[in-house]
Amino acid sequence: MNWKKIGLFILFFIVGLFLFLGITVFTYLSLFLPIFFIAYIVFLVFILKEYSNKKMMIISIIIVVYVLIMVIPFPKCYSWGYFSQETQDCTCIGVEKYRWLILDAGGSQCVGIPIDYVCHKRNRDTGIDEKVSCN
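All values derive from a computational prediction rather than experimental measurement.

Asks: I tried to follow the nonpolar core on my own but got confused; where do I start?
Replies: Soluble globular proteins tend to bury their nonpolar side chains together. With 20 residues, the main nonpolar core has F20, F32, F36, Y40, I59, Y66 and M70 as its most contacted residues. Where this core is concerned, the elements lending two or more residues are α1 (3–26), α2 (32–49) and α3 (53–71). The element that contributes the greatest number of residues to this core is α2, accounting for eight residues. In contact with Y66, not counting residues within four places along its chain, are F20, I23, T24, F32, L33 and F36.

Structure follows, in structure tokens:
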């Protein structure tokens, strides 16, 4: 057993776990988290078998691409608020990034093509949602 490779694997696993979860907690929750984390783990296993700079570069690229996808703003697809009267919904051809850890509102961004926008506005007097045009 090569303890140097095992130690490197454990170190990168723990750092990657905190990095991916930290980015997700402070940005959006989406299908990208398991996809990128699984790719990250696969390359860590490859490093455990044989270390190379190429594999380390691929791991770095995986992390950078994940950060960019989470940080770059994409078209808003779904939004609602507890205190607001307007909601918006759409169909996303792609993957949606969901905002979480917000108690009084919600929303998502479409990493792909958003279509079929539908907007509603709640009437203050009756409390009934009415369709309105999306601006």
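Asks: Help me understand the environment of V132 in this model?
Replies: Along the chain, V132 falls in strand β5 (residues 129–132). For V132, a relative accessible area of 35% puts it in the partly exposed group. When the C-alpha positions of V132 and I62 are compared, they lie 41 Å apart, and in sequence the two are 70 residues distant. Among all residues touching V132, those that are not within four sequence positions of it are C119, H120 and K121.

Asks: Whenever I open this one, α1 confuses me. Can you help?
Replies: Note on helix geometry: an α-helix contains 3.6 residues per turn, so any two residues three or four positions apart are oriented the same way. With 24 residues, α1 should reach 34 Å at 1.5 Å per residue; the first-to-last C-alpha distance of 34 Å fits that figure. Within α1, the full set of buried residues consists of F9, G16, F20, I23 and T24. Those residues of α1 that are buried lie in contact with β1 (28–30), α2 and α3.

Asks: Explanation requested: the packing of α1 against α2 in the structure shown.
Replies: Helix packing for two helices is described by the angle between their axes and how far apart those axes are. Between α1 and α2, whose axes approach to 10 Å, the crossing angle comes to 170 degrees. If you check the angle between α1 and α2, you find them roughly antiparallel. Seen from α1, the contacting residues are K5, I6, L8, F9, F12, F13, G16, L17, F20, L21 and T24; seen from α2, they are L33, F36, F37, Y40, I41, L44, V45, I47, L48 and K49. Its residues assigned to classes, the contact of α1 with α2 comprises 17 nonpolar, two polar and two charged.

Asks: Mind showing me how you'd approach the environment of R99 here?
Replies: Examined against the element boundaries, R99 turns out to sit in strand β3 (residues 86–99). Of the residues examined, R99 reaches a relative accessible area of 34% and is grouped as partly exposed. Sequence-distant contacts of R99, that is, excluding residues within four places in its chain, are made with F26, T27, Y28 and G107.

Asks: How should I be thinking about the state of the cysteines in this particular structure?
Replies: Should the sulfur atoms of two cysteines be covalently bonded, the bond is a disulfide. In this structure the tally under the stated criterion is two disulfides. There is a disulfide in this structure between C92 and C110, and the S-S distance comes to 2.1 Å. Handedness of the C92-C110 disulfide follows from its S-S torsion of about 80 degrees: it is right-handed. Residue C92 is located in strand β3, and its partner C110 is located in strand β4 (residues 105–122); the two are separated by 18 residues in the primary sequence. Neither C92 nor C110 differs from the other in exposure class; each is buried.

What counts, and at which threshold
- Each chain has its residues counted from 1, following the order in which its sequence is written.
- Reporting in this predicted model follows two pLDDT cut-offs: at least 70 for local features of residues, and 80 or more for side-chain atom pairs to be given and counted; totals over whole chains, interfaces and linings ignore these cut-offs and use all residues.
- Only hydrogens and water are set aside when side-chain values are computed; all heavy atoms of the structure are taken into account.
- Among the buried residues, those of types Ala, Val, Leu, Ile, Met, Phe, Trp, Tyr and Cys that are joined through side-chain atoms within 4.5 Å form a nonpolar core.
- The buried label applies to any residue whose accessible area, calculated with a 1.4 Å probe on protein chains only, is under 20% of its type's maximum; exposed applies above 50%, and partly exposed to all values in between.
- Helix and strand definitions here come from DSSP, where helices need a minimum of 4 consecutive H or I residues and strands a minimum of 2 consecutive E residues; each element is numbered from the N-terminal end.
- Pairs of residues are marked as contacts when any of their non-hydrogen atoms sit within 4.5 Å.
- The span you would expect from a helix comes to 1.5 Å times its residue count less one.
- Fitted lines through C-alpha atoms give the axes, limited to the stretch in contact for helices. The angle between two N-to-C directions lies from 0 to 180 degrees.
- Throughout this description, any angle smaller than 35 degrees is read as roughly parallel, any larger than 145 degrees as roughly antiparallel, any in the 65 to 115 degree range as roughly perpendicular, and the remainder as oblique.
- Polar here means any residue other than Ala, Val, Leu, Ile, Met, Phe, Trp, Tyr, Cys and Pro, which are nonpolar, and Asp, Glu, Lys and Arg, which are charged; Gly is therefore polar.
- Note on terminology: disulfide denotes any pair of cysteine sulfur atoms within 2.5 Å.

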